[in-house]
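A closer look at the structure
Here is how the chains run, residue by residue.
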Number of protein chains: 4
Amino acid sequence: MSSNSQWGGRFAAGPSAIMQAINASIGFDRKMWRQDIRGSLAHAAMLAHVGIITTEDERAIREGLEAIAARIEAGEFPWDEALEDIHMNIEARLTEAIGEAGKRLHTGRSRNDQVALDVRLWVRDAIDGLAGQVEDVMRALVEQAEAQAATVMPGFTHLQPAQPTTFGHHMLAYVEMLSRDRGRLLDCRKRLNESPLGAAALCGTGFPIDRRMTAEALGFDGPMRNSLDAVASRDFAAEFLFACAMCATHLSRFAEEVVIWTSPYFGFVKLSDAFTTGSSIMPQKRNPDAAELVRGKTGRVMGALIGMLTVLKGLPMTYGKDMQEDKEGIFDAAETMTLCLAATAGMVRDMKPDGARLREAAGAGFSTATDLADWLVRELRMPFRDAHHVTGRLVARAEAKGSDLAGLTLAEMQAVEPRITEAIYGVLTVEASVASRACFGGTAPENVRHMAAEWRERLA
Amino acid sequence: MSSNSQWGGRFAAGPSAIMQAINASIGFDRKMWRQDIRGSLAHAAMLAHVGIITTEDERAIREGLEAIAARIEAGEFPWDEALEDIHMNIEARLTEAIGEAGKRLHTGRSRNDQVALDVRLWVRDAIDGLAGQVEDVMRALVEQAEAQAATVMPGFTHLQPAQPTTFGHHMLAYVEMLSRDRGRLLDCRKRLNESPLGAAALCGTGFPIDRRMTAEALGFDGPMRNSLDAVASRDFAAEFLFACAMCATHLSRFAEEVVIWTSPYFGFVKLSDAFTTGSSIMPQKRNPDAAELVRGKTGRVMGALIGMLTVLKGLPMTYGKDMQEDKEGIFDAAETMTLCLAATAGMVRDMKPDGARLREAAGAGFSTATDLADWLVRELRMPFRDAHHVTGRLVARAEAKGSDLAGLTLAEMQAVEPRITEAIYGVLTVEASVASRACFGGTAPENVRHMAAEWRERLA
Amino acid sequence: MSSNSQWGGRFAAGPSAIMQAINASIGFDRKMWRQDIRGSLAHAAMLAHVGIITTEDERAIREGLEAIAARIEAGEFPWDEALEDIHMNIEARLTEAIGEAGKRLHTGRSRNDQVALDVRLWVRDAIDGLAGQVEDVMRALVEQAEAQAATVMPGFTHLQPAQPTTFGHHMLAYVEMLSRDRGRLLDCRKRLNESPLGAAALCGTGFPIDRRMTAEALGFDGPMRNSLDAVASRDFAAEFLFACAMCATHLSRFAEEVVIWTSPYFGFVKLSDAFTTGSSIMPQKRNPDAAELVRGKTGRVMGALIGMLTVLKGLPMTYGKDMQEDKEGIFDAAETMTLCLAATAGMVRDMKPDGARLREAAGAGFSTATDLADWLVRELRMPFRDAHHVTGRLVARAEAKGSDLAGLTLAEMQAVEPRITEAIYGVLTVEASVASRACFGGTAPENVRHMAAEWRERLA
Amino acid sequence: MSSNSQWGGRFAAGPSAIMQAINASIGFDRKMWRQDIRGSLAHAAMLAHVGIITTEDERAIREGLEAIAARIEAGEFPWDEALEDIHMNIEARLTEAIGEAGKRLHTGRSRNDQVALDVRLWVRDAIDGLAGQVEDVMRALVEQAEAQAATVMPGFTHLQPAQPTTFGHHMLAYVEMLSRDRGRLLDCRKRLNESPLGAAALCGTGFPIDRRMTAEALGFDGPMRNSLDAVASRDFAAEFLFACAMCATHLSRFAEEVVIWTSPYFGFVKLSDAFTTGSSIMPQKRNPDAAELVRGKTGRVMGALIGMLTVLKGLPMTYGKDMQEDKEGIFDAAETMTLCLAATAGMVRDMKPDGARLREAAGAGFSTATDLADWLVRELRMPFRDAHHVTGRLVARAEAKGSDLAGLTLAEMQAVEPRITEAIYGVLTVEASVASRACFGGTAPENVRHMAAEWRERLA
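Residues numbered from 1 in each chain as written. Chains lettered and ligands numbered in written order. Predicted model: local features only at pLDDT ≥ 70, side-chain atom pairs only at ≥ 80, totals over all residues. Heavy atoms only, no water.

Examining the overall build of chain A
In plain terms, the rule: We count a stretch as a helix when DSSP gives it H or I for four or more residues in a row; a strand needs E for two or more, and each element gets its number in order from the N terminus. All radius of gyration figures rest on C-alpha atoms, and the globule criterion is 2.2 Å times the number of residues raised to 0.38. Categorising residues by exposure relies on relative accessible area from a 1.4 Å probe, with only protein chains included: less than 20% of the type maximum marks a residue as buried, more than 50% marks it as exposed, and the intermediate range marks it as partly exposed. We get accessible surface area from the Shrake-Rupley algorithm with a probe of 1.4 Å; when it comes to residues, only the shown protein chains can shield them. Only four residue types enter the charge count: Lys and Arg as positive, Asp and Glu as negative, with His and the chain ends excluded. For this purpose, a charge sits on NZ of Lys, CZ of Arg, CG of Asp or CD of Glu.
Helix and strand content of chain A: 19 helices and 6 strands. Rg of the C-alpha trace for chain A: 30 Å, well past the compact-globule value of 23 Å for 460 residues, more than 25% over. Per-residue burial over chain A gives 68% buried out of 460 residues. As presented, chain A carries roughly 13700 Å² of accessible surface, and 51% of it is formed by carbon and sulfur atoms. Taken as two groups, the 51 positive and 61 negative side-chain charges of chain A have centres that lie 3 Å from each other.

Thoughts on the interface of chain D and chain B
For the record, the criterion: Whether two residues are in contact is decided by their heavy atoms, any of which lying within 4.5 Å being enough. Summed over both partners, buried area is the accessible surface (1.4 Å probe) that two parts give up on being assembled. What counts as a salt bridge is simple: a side-chain nitrogen of Lys or Arg found within 4 Å of a carboxyl oxygen of Asp or Glu. Think of it as three bins: nonpolar holds Ala, Val, Leu, Ile, Met, Phe, Trp, Tyr, Cys and Pro, charged holds Asp, Glu, Lys and Arg, and polar takes everything else, Gly as well.
Residue-level contacts link 43 residues of chain D with 43 residues of chain B. Overall, the association of chain D and chain B removes approximately 3600 Å² of surface from exposure, summing both partners, and the carbon and sulfur fraction of that is 60%. Looking at the side of chain D facing chain B, the largest losses of area belong to D:Gln160, D:Tyr265 and D:Ile281, adding up to 22% of the total buried there. Seen at the junction of chain D and chain B, the total is 0 salt bridges. Elements with a minimum of two residues in the side of chain D that touches chain B: strand E1 (152-157), strand E2 (160-166), helix H11 (235-261), strand E5 (286-287), helix H12 (289-312), helix H14 (355-363), helix H15 (369-380) and helix H16 (384-401) of chain D. For the side of chain D that touches chain B, a count of residues per class yields 21 nonpolar, 14 polar and 8 charged.

Some words on the relation of the copies chain D and chain B
Stated precisely, the cut-off is as follows: Superposition of the copies was done by least squares, using only C-alpha atoms of residues whose pLDDT is at least 70 in both.
Superposing chain D onto chain B requires a rotation of 180° together with a translation of 0.0 Å along the rotation axis, leaving an RMSD of 0.1 Å. The superposition operator between the copies reduces to a two-fold rotation axis. Residues of chain D ranked by C-alpha distance from the rotation axis are headed by D:Tyr265, positioned 2.6 Å from it. A share of 100% of interface residues in chain D that are also interface residues in chain B marks the association as one of identical surfaces.

A word on the pattern of salt bridges
A full pass over the atoms with the stated rule returns 160 salt bridges over all chains. The residue D:Glu328 makes a salt bridge to A:Arg300 at a minimum N-O spacing of 2.9 Å. In this pair, D:Glu328 is assigned in helix H13 (residues 326-350) and A:Arg300 in helix H12 (residues 289-312), connecting two distinct chains. Exposure remark for D:Glu328: the relative accessible area of 24% places this residue in the partly exposed category. Look at A:Arg300 and you get buried, because its relative accessible area is 17%. Put simply, D:Arg182 and D:Glu135 hold a salt bridge, and the shortest N to O gap is 2.5 Å. Linking D:Arg182 in helix H8 (residues 167-192) with D:Glu135 in helix H7 (residues 111-147), this pair joins segments that are 47 residues apart in sequence. When salt bridges that share partners are traced, they join A:Arg180, A:Asp181, A:Arg184, A:Asp187, B:Arg191, B:Asp229, B:Asp235 and B:Glu239 into one network.

Topic: helix H3 (residues 33-49) of chain D
An α-helix turns once per 3.6 residues; consequently, residues spaced three or four apart project the same way. Residue and element names in this part refer to chain D. Which entries qualify depends on this criterion: Multiplying one less than the number of residues by 1.5 Å gives the expected span of a helix.
Taking 1.5 Å as the rise per residue, H3 with 17 residues should run 24 Å; its terminal C-alpha atoms sit 24 Å apart, in good agreement. Within H3, 13 of the 17 residues are buried, leaving the element largely enclosed by the surrounding structure. Gly51, located one to two residues past H3, shows a positive phi value of around 90°.

Focus: the nonpolar core
The test is simple: What we call a nonpolar core is a set of buried Ala, Val, Leu, Ile, Met, Phe, Trp, Tyr and Cys residues that are connected through their side-chain atoms within 4.5 Å.
A:Phe240, B:Phe240, C:Phe240 and D:Phe240 are the most contacted members of the largest nonpolar core, which has 615 residues in total. Other than its neighbours up to four places away in sequence, D:Phe240 contacts D:Val123, D:Ala126, D:Ile127, D:Leu130, D:Leu185, D:Cys188, D:Ile330 and D:Ala334.

Some remarks on unusual backbone geometry
Note the cis peptide between B:Met317 and B:Thr318, where omega equals -10°. The phi dihedral of C:Arg381 falls on the positive side, at around 55°, and the residue is not glycine. With respect to the helices, strands and loops of the structure, C:Arg381 is situated in the loop between helix H15 (369-380) and helix H16 (384-401). The class for C:Arg381 is partly exposed, based on a relative accessible area of 41%.

Quick word on the interface of chain C and chain D
To be explicit about the condition: Polar contact is the term for a pair of N or O atoms within 3.5 Å; when the atoms are in protein, one must be able to donate a hydrogen and the other to accept it, and sequence-neighboring residues count only if both atoms are side-chain atoms.
Across the contact, 103 residues belong to chain C and 103 residues belong to chain D. Of the roughly 8900 Å² buried at the junction of chain C and chain D (both faces included), carbon and sulfur atoms supply 58%. Three residues, C:Arg225, C:Arg253 and C:Met317, lead the burial of chain C against chain D; their summed loss comes to 9% of the area buried on that side. C:Arg225 serves as the salt-bridge partner of D:Glu176, at 3.0 Å between the closest nitrogen and oxygen. Summed over the shared surface of chain C and chain D, the number is 50 residue pairs in polar contact (both at pLDDT 80 or more). With 13 residues, helix H11 (residues 235-262) of chain C is the single largest residue contributor to the side of chain C that touches chain D. Within the side of chain C that touches chain D, the residues separate by chemical class into 44 nonpolar, 30 polar and 29 charged.

Looking at the state of the cysteines
Joining two cysteines, a disulfide is a covalent bond between their sulfur atoms. To be explicit about the condition: Cysteine sulfur atoms that come within 2.5 Å of each other are treated as a disulfide pair.
Under the defined criterion, the tally for this structure stands at 0 disulfides over all chains. The thiol sulfur of B:Cys439 is not disulfide-bonded, and the nearest other cysteine sulfur, from A:Cys203, lies at 11 Å. Its relative accessible area of 13% is what places B:Cys439 among the buried residues. Distance from the sulfur of C:Cys340, which forms no disulfide, to the nearest cysteine sulfur (C:Cys247) is 8.8 Å. A residue is classified by how much of its surface remains accessible, and C:Cys340, at 2% relative accessible area, is buried.

Description of the relation of the copies chain C and chain D
The transformation that overlays chain C on chain D combines an axial shift of 0.0 Å with a rotation of 180°, and the residual RMSD is 0.0 Å. When the interface residues of chain C are mapped onto chain D, 100% of them again lie at the interface, so the same face is used by both copies.

As for the packing of helix H7 (residues 111-147) of chain A against helix H13 (residues 326-350) of chain A
All names here are of chain A. The line we're drawing: An axis is simply a line fitted to the C-alpha atoms; with a helix, the fit covers only the stretch in contact. Between two such axes, the angle follows the N-to-C directions and lies from 0 to 180 degrees. Angles are sorted into four bins: roughly parallel if under 35 degrees, roughly antiparallel if over 145, roughly perpendicular if 65 to 115, and oblique for all others. In this scheme the crossing of two helices becomes right-handed for a clockwise turn of the near helix relative to the far one and left-handed for an anticlockwise turn of less than a right angle.
It is at 9 Å that the axes of H7 and H13 come closest, and there the two elements cross at 15°. Relative to H13, the element H7 lies roughly parallel. Handedness of the crossing formed by H7 with H13: left-handed. Of the residues assigned to the contact of H7 with H13, the class counts are 18 nonpolar, 4 polar and 6 charged.

Some words on the pairing of strand E2 (residues 160-166) of chain B
Residues and elements named next belong to chain B. In plain terms, the rule: For two strands to pair, DSSP has to find at least two bridges joining them.
Burial within E2 is extensive, with 7 of its 7 residues counted as buried. Here strand E1 (residues 152-157) runs beside E2; their pairing, made up of 6 bridges, is antiparallel. Within E2, the residue paired with Val152 across the bridge is Thr166. In this structure, the hairpin formed by E1 and E2 is closed by a connection of 2 residues, where His158 is found at a positive phi of approximately 55°.

A word on the packing of aromatic side chains
To keep it simple, the criterion reads: What counts as a ring pair is set by centres within 6.5 Å for rings of Phe, Tyr and Trp (its six-membered ring), and what kind of pair is set by the plane angle: stacked under 30 degrees, edge-to-face over 60, tilted for all other angles. Look at NZ for Lys and CZ for Arg. If either is within 6 Å of the ring centre and within 35 degrees of the ring normal, a charge sits over the ring.
As enumerated under the stated definition, the model contains 48 aromatic pairs over all chains in all. The rings of A:Phe156, A:Phe167, A:Trp261, A:Tyr265, A:Phe266, A:Phe268, C:Phe156, C:Phe167, C:Trp261, C:Tyr265, C:Phe266 and C:Phe268 are connected pair by pair, giving a single aromatic cluster. Note that A:Arg458 overlies the ring of A:Trp455, its terminal NZ or CZ placed 4.2 Å from the centroid. Above the ring of B:Phe220, the side-chain terminus of B:Arg124 is found at 4.9 Å from the ring centroid.

Concerning the environment of A:Glu135
Each C-alpha atom of the pair A:Glu135 and A:Leu341 lies 9.6 Å from the other, and the pair is 206 residues apart in sequence. The contact partners of A:Glu135, leaving out residues within four places of it in the chain, are A:Arg182 and A:Leu459.

Some details on helix H8 (residues 167-192) of chain B
Between the first and last C-alpha of H8(B) there are 38 Å, a value that for 26 residues agrees with the 38 Å anticipated at 1.5 Å per step. Of all the 26 residues making up H8(B), 21 are buried; the element is thus mostly covered by neighbouring parts of the structure.

A word on the side chain of A:Ser252
Residue position: A:Ser252 is located in helix H11 (residues 235-261). Under the relative-accessibility criterion, A:Ser252 is labelled buried at 0%. Excluding residues within four positions of it along the chain, A:Ser252 makes contact with A:Arg295, A:Thr298, B:Leu312, B:Lys313 and B:Gly314.

A word on the environment of A:Pro164
If you trace the backbone, A:Pro164 turns up in strand E2 (residues 160-166). Sequence spacing of A:Pro164 and A:Ala24 is 140 residues, and the spatial spacing of their C-alpha atoms is 58 Å.

Quick notes on the side chain of A:Asp85
All names here are of chain A. Here Asp85 is to be found in the loop between helix H4 (55-73) and helix H5 (86-98). Judged by relative accessible area, which is 5%, Asp85 ranks as buried. Of note is the side chain of Asp85, whose polar atom sits 2.8 Å from the backbone nitrogen of Met88. A polar side-chain atom of Asp85 sits 2.5 Å from a polar atom in the side chain of Arg111. Leaving out residues up to four positions away in the same chain, Asp85 has contacts with Ser25, Ile26, Asp29 and Arg111.

A few points about the confidence of the model for chain A
Residues and elements named next belong to chain A. Operational definition: Looking at any residue, its pLDDT shows the predictor's confidence there, from 0 to 100.
Overall, the predicted model of chain A reaches an average pLDDT of 94, with 97% of residues at or above 70. Ignoring residues within four places in sequence, the model shows residues 1-6, a span with pLDDT below 50, making 10 contacts including any to other chains. Confidence estimates for the predicted assembly give a pTM of 0.97 and an ipTM of 0.96.

In structure tokens form, the structure reads like this:
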């Protein structure tokens with residue numbers, strides 16, 4: 001079992017074996033068969049419409065392509081490495097099946113605009129799928145937010161509890177992040193939604209083709225304005241990968257929280273067996289595998305992004321074979337995001353917050369000290385910075401006494417600041433704290449309910 | 001001159017020296033002084049409007065901040081490392097100058113929403129500056145396109161000449177790329193244009209502040225909808241960096257072409273001394289330093305992007321000190337793009353295409369073979385794939401004869417394909433070739449002129 | 001305060017202002033002044049030795065350079081942007097000071113080999129500094145390991161407690177990681193330690209210089225074997241950056257643990273004020289800022305690595321101005337690592353583990369279930385997989401009873417597996433568990449003590 | 001053919017379908033079957049040796065595993081998704097085949113150390129394969145260097161011809177780069193060559209296993225010193241990926257040169273059909289597809305590196321499921337490097353330099369001006385900087401006259417500098433120039449021959 005059988009040995013057959021191995025793309029670009037056939041159908045219909053081919057030819061092509069699609073769908077299509085890529089595999093079979101007409105299909109078209117078209121269509125389809133999945137995660141978060149709008153929990157900075165917030169408010173923060181991720185996907189879709197078809201090899205074509213007709217048939221906003229750009233550009237692929245990487249990064253933040261929250265020392269939420277793996281001998285051990293995978297997979301999506309930018313860096317116009325490297329990164333990133341979004345939606349729905357534990361944690365650690373300071377400012381017109389000093393002294397006194405802030409008597413408080421009144425006790429509970437932060441965007445349960453309802457409607 | 005004086009030695013003073021060195025941000029965040037003061041002015045005006053501070057306090061604050069701005073602008077502000085960051089530097093000086101009122105400024109605000117605000121404002125300003133610069137490069141390209149709309153040159157795939165195109169068409173391809181880069185910057189601007197101010201530390205505030213008022217005063221579309229998101233998110237920074245990285249990548253492609261085109265074996269364009277450096281003893285050596293720097297600087301912008309995504313990966317909510325790492329990458333990327341865009345605009349305007357050399361190159365290598373094949377399809381209704389075979393045989397014959405395609409006699413042509421007529425000579429010149437590719441987006445000079453005019457108008 | 005004053009406006013002066021701004025490196029490459037002068041001293045001594053310059057010239061050069069060094073050290077050297085870079089700044093001042101002899105210094109040398117030399121020397125110095133700092137962190141970890149060799153704590157997988165381990169063993173795991181980081185730095189040093197001096201512009205020189213002499217004088221193992229490689233290669237810079245990025249990643253893992261461990265729900269360790277920042281009103285809030293910064297700064301080092309590789313990608317030989325982009329990434333990464341290593345060493349020494357808390361956590365959750373299963377295999381010759389099933393049933397019984405494993409009576413145990421004997425209680429304590437894992441590399445305190453002592457010696 | 005059939009739809013079955021899809025690794029980790037079986041064989045032999053299992057059990061395990069290996073090799077092994085990974089697939093089949101003994105194999109071992117072992121062995125095998133391939137590329141370059149030791153060509157800086165060099169010298173520059181790449185692979189191999197086996201889940205084991213025995217049997221230098229480190233660390237994977245990325249970057253530089261050199265305007269080398277693809281109608285068009293793919297594939301290797309570092313960033317100890325993400329990047333990078341190295345070796349051997357064209361290019365553009373300046377310094381003791389000014393004036397005169405430097409008469413030269421003698425003509429030819437650069441590492445053909453011979457021997 002030497003390593004030679006794995007590395008290098010297969011290239012003993014010489015240069016042609018090497019070239020075949022490095023050059024062929026059919027191993028991965030067959031994923032675009034739907035897009036390739038869709039594009040050819042639109043191209044053929046247009047060729048017939050403007051009279052470049054006959055309607056008989058067009059019908060033969062159409063029926064031939066539909067038959068090929070059916071065979072691929074059924075897993076019966078004879079893919080051939082020697083035909084290198086998806087385009088030649090399909091065209092060769094078509095010509096085999098329908099003869100002469102098949103040879104006319106490529107009129108006014110080139111592999112350069114054909115592949116640019118296929119990749120665009122594939123990315124567009126991927127965006128539609130992923131944007132839908134992002135919305136589903138958002139819906140799941142909104143459901144949790146509505147259910148837990150008033151469930152108090154510690155709000156964190158630096159992984160240290162800072163002020164009380166609610167579980168619902170926390171969920172909605174992710175809704176905001178994901179709504180921007182969705183916006184980035186849709187902006188990318190909008191920007192890429194122009195048809196490269198008709199750019200031919202690079203300069204356009206002398207045939208009187210109708211680029212607007214194919215663009216419209218394929219759901220594009222119109223044809224691209226410059227043929228060189230059409231075959232040379234892949235910024236849409238990089239933009240798609242960035243949108244994925246950014247979304248993956250947001251999911252990784254949520255996943256990190258799930259990992260931390262499900263550790264026994266936090267114990268903030270529980271995940272069912274569906275999203276954890278256990279140990280046959282340690283029943284309490286629930287490894288949050290799904291969350292860890294979502295977190296870890298950020299790496300490969302960032303890698304795909306960097307890979308694509310690196311491919312394009314310093315590439316002279318127009319098409320270079322380097323650009324064949326655009327596909328695998330896209331395919332892998334889209335597949336990864338599909339998994340991560342599905343897993344996240346699942347975890348959000350599965351997750352059970354432990355209300356009692358969260359309430360207890362929210363109240364610990366003088367968490368309403370800010371509320372006390374704000375009271376001093378508001379009621380006693382104390383300058384903000386001075387109010388902080390007074391609060392610090394009150395907290396120190398409570399700490400010395402071993403109580404929380406509400407455990408100080410009014411006399412004890414007045415010893416620090418004589419103008420303090422009984423009214424101060426009204427701001428020292430966790431519930432008062434969250435309720436008071438009621439200005440737009442604040443953590444108050446009524447805000448959370450209102451915002452969740454608004455999102456629910458928008459996502460309906 | 002030992003290395004110890006550079007590394008480690010300075011930390012002999014112990015933990016506090018280390019913590020100061022790693023923690024202080026005033027060394028770089030002072031770049032945001034304009035944004036910090038702008039934000040404080042808006043905040044103070046709002047506090048006075050809703051009655052949290054008096055109008056006298058507001059005036060004192062306003063005048064104090066304006067005085068500070070003037071001192072900073074004049075380079076006379078005494079930055080203090082011990083005050084750590086831009087916010088404390090300014091607030092401390094303000095309180096020093098105006099007393100009590102200064103201590104009230106921070107009411108209903110926290111460093112967390114303040115810094116989120118400053119960074120957003122800074123990025124928004126940067127986008128405005130860079131989008132304007134992108135437009136300037138586009139204008140420069142359009143000028144060249146109009147001047148060289150009919151200047152034929154070889155169109156390349158794989159750095160091999162493929163078909164004749166025009167210099168103008170080539171320039172316009174970059175206009176398209178840059179217009180998408182501009183679109184990405186503006187989409188980023190639109191998405192980030194919500195105010196985090198009022199999120200306070202993380203949960204919002206109990207003070208009756210008016211977030212819509214500050215948002216409007218600062219030119220935002222409105223306040224952010226979730227306070228946790230407001231202080232925890234930096235996707236706008238990553239999106240900005242991606243928009244920069246993508247644009248830098250496009251500039252690197254142009255720069256690569258400049259480097260190749262100015263090599264003596266290509267000799268397609270000349271750059272003046274303004275953008276090259278020479279050798280005192282090799283006068284013909286014009287090193288395209290500016291282009292190389294534009295190409296190379298892609299690396300640091302991509303690095304900044306990866307850096308930002310890495311910072312955010314797996315970061316639990318809300319604010320973590322890790323996020324202090326958002327600034328330097330943004331500052332460096334914006335500065336880098338400013339330089340690269342200025343240099344590119346300069347090179348585009350400076351660049352002189354060598355028309356004769358380009359014309360000669362465009363005609364070499366049977367560059368109109370595609371036109372011949374298309375003629376066979378169009379005029380003789382030959383299937384596309386068959387037409388290619390015939391063309392291949394004609395080219396082989398010309399090559400054997402040592403002539404170009406137009407150098408074959410009609411008899412020689414008819415020996416290969418008897419149906420060929422005299423008319424074929426009409427498609428074999430470079431000029432006929434480019435003129436024929438007149439469908440939308442094609443390389444025909446009339447197209448180029450039309451499209452350049454359209455862009456000129458849009459950019460006016 | 002419009003944005004125009006920041007962006008673009010400064011280039012109103014035209015191309016020369018742009019070119020100056022993008023081209024000049026003196027703003028950052030002056031960091032290499034020590035290396036530049038060291039290289040020139042060695043070069044001059046060699047020129048005199050082989051008779052290319054006179055010993056008088058050599059003395060004048062030496063004294064001139066030493067005077068310049070003194071002025072730079074004192075902060076009094078008049079850096080001049082117009083002289084572009086560190087090399088010309090120093091050479092110009094030298095010639096100003098000593099006349100004719102200064103003009104002879106550059107004989108048999110070029111800026112291309114000079115800058116390659118300076119960067120190599122700088123990186124070598126940085127490695128020496130950083131390797132020393134890595135050792136210091138290792139020493140700090142070893143000290144903690146010795147002090148806490150027997151302090152039991154939960155060992156984690158998936159952030160879920162899995163088996164008892166000791167704090168010392170945990171510390172030593174990082175010693176191993178850092179020792180490999182150190183190895184990578186030293187391998188990089190070894191590989192780069194060849195002198196490019198003498199490669200001149202790119203082809204070597206016709207002067208009878210002695211490359212071995214300068215190589216030796218500068219502490220190199222010898223001269224590089226190929227002049228083109230000498231001026232064209234920067235893999236040493238990328239390798240250095242990778243060594244830094246890998247080490248930063250290890251530090252980020254430790255930092256993450258510090259952040260988690262200091263959260264109140266874990267409460268595993270305490271950090272003093274030296275490495276945390278507090279809140280004036282929440283005394284219990286100790287934000288682990290230093291740890292977060294160490295964690296976050298991983299991003300910029302990874303960014304610098306990607307930046308360097310991107311610069312080099314697809315760069316034709318030999319020197320291109322793109323390569324000027326090598327420096328800032330190196331400088332920033334070295335500075336960042338200096339800070340992060342100093343901060344980590346500081347935190348390791350500062351950190352106080354809470355032994356009682358760790359002991360309690362180590363014993364919770366049936367943490368010795370594996371020990372029980374292993375007993376079944378060892379004593380009853382039960383197949384491993386079967387032993388796991390029996391253990392699972394025992395744990396379930398203990399859980400139902402509300403006890404830990406040692407709380408089950410022998411009868412209760414025998415009800416599940418009759419062959420179990422009293423001896424089993426000997427493996428159910430946390431202390432027995434850690435002590436039993438005594439094979440090489442295992443968690444037993446004796447192992448930890450032994451290994452810590454070994455490391456202490458190696459690091460002495 | 002809606003996109004729903006591709007995205008999301010498959011998860012209709014609910015959480016379990018999602019978890020299965022995101023969690024299972026058998027789809028890719030089966031690539032490690034050889035390593036997994038090798039590890040199990042060594043583990044079983046050791047278990048028998050120390051008496052934990054019987055020799056009968058060991059024989060049954062051995063024969064069972066060999067039978068499984070044979071079935072996998074033959075493509076007949078029934079991989080099962082439900083068994084998740086390579087380890088369980090093999091163990092389950094083994095137990096099915098040999099019963100009880102199979103259940104004992106996992107004694108004193110855990111999936112955590114098993115997978116760490118497999119990945120290490122796989123990477124070690126990959127390094128052995130790739131290092132051999134790097135040597136093969138080096139050999140191919142040395143062959144070209146020997147054949148073209150005296151073939152003059154222009155040496156470039158900034159893609160501008162600078163001084164004459166030789167094709168052989170240029171080839172040897174890449175030999176140097178690759179020898180460092182090989183060194184990095186081997187350093188990585190050395191550093192990773194310690195056995196994690198025996199770390200068990202994370203803390204080691206209480207069984208009296210002999211870690212040195214398995215380490216030796218598997219070709220390791222010894223067992224790892226810390227069990228937590230053994231299961232938690234993947235720096236070896238990142239280091240491997242960096243070594244690949246650096247090598248890929250070097251190959252990308254060579255590939256870029258091939259692309260540029262084969263463009264018709266350079267015409268420096270020719271590649272056969274084996275490594276180019278043509279156009280059926282443009283016979284002169286030889287697209288350097290292989291070179292472009294080698295250049296472009298740098299992106300995915302850099303992406304894999306970044307992906308791995310990102311996975312590890314901020315990961316608390318020890319094993320987290322995130323680390324399952326280590327494999328696909330490694331597999332893809334190794335496969336990519338295999339292809340790129342094979343293609344590069346092939347291209348180097350296939351490549352035919354056009355000596356006449358290179359000679360002509362080498363002589364153009366006053367390429368020996370530096371030699372002239374050096375003559376002035378050497379013979380007239382002119383200070384280097386002054387010699388440059390004189391040379392500049394001579395070049396200007398030649399340029400005005402339309403001749404090269406040797407075309408100036410002695411009188412014309414002396415008009416600029418009276419001390420110039422007839423002897424100067426001896427340094428103005430290309431051949432004299434390259435021959436004169438004879439100091440160590442210089443471009444002189446004798447150097448090239450000597451160095452090539454040395455490399456040939458070292459690589460034998």
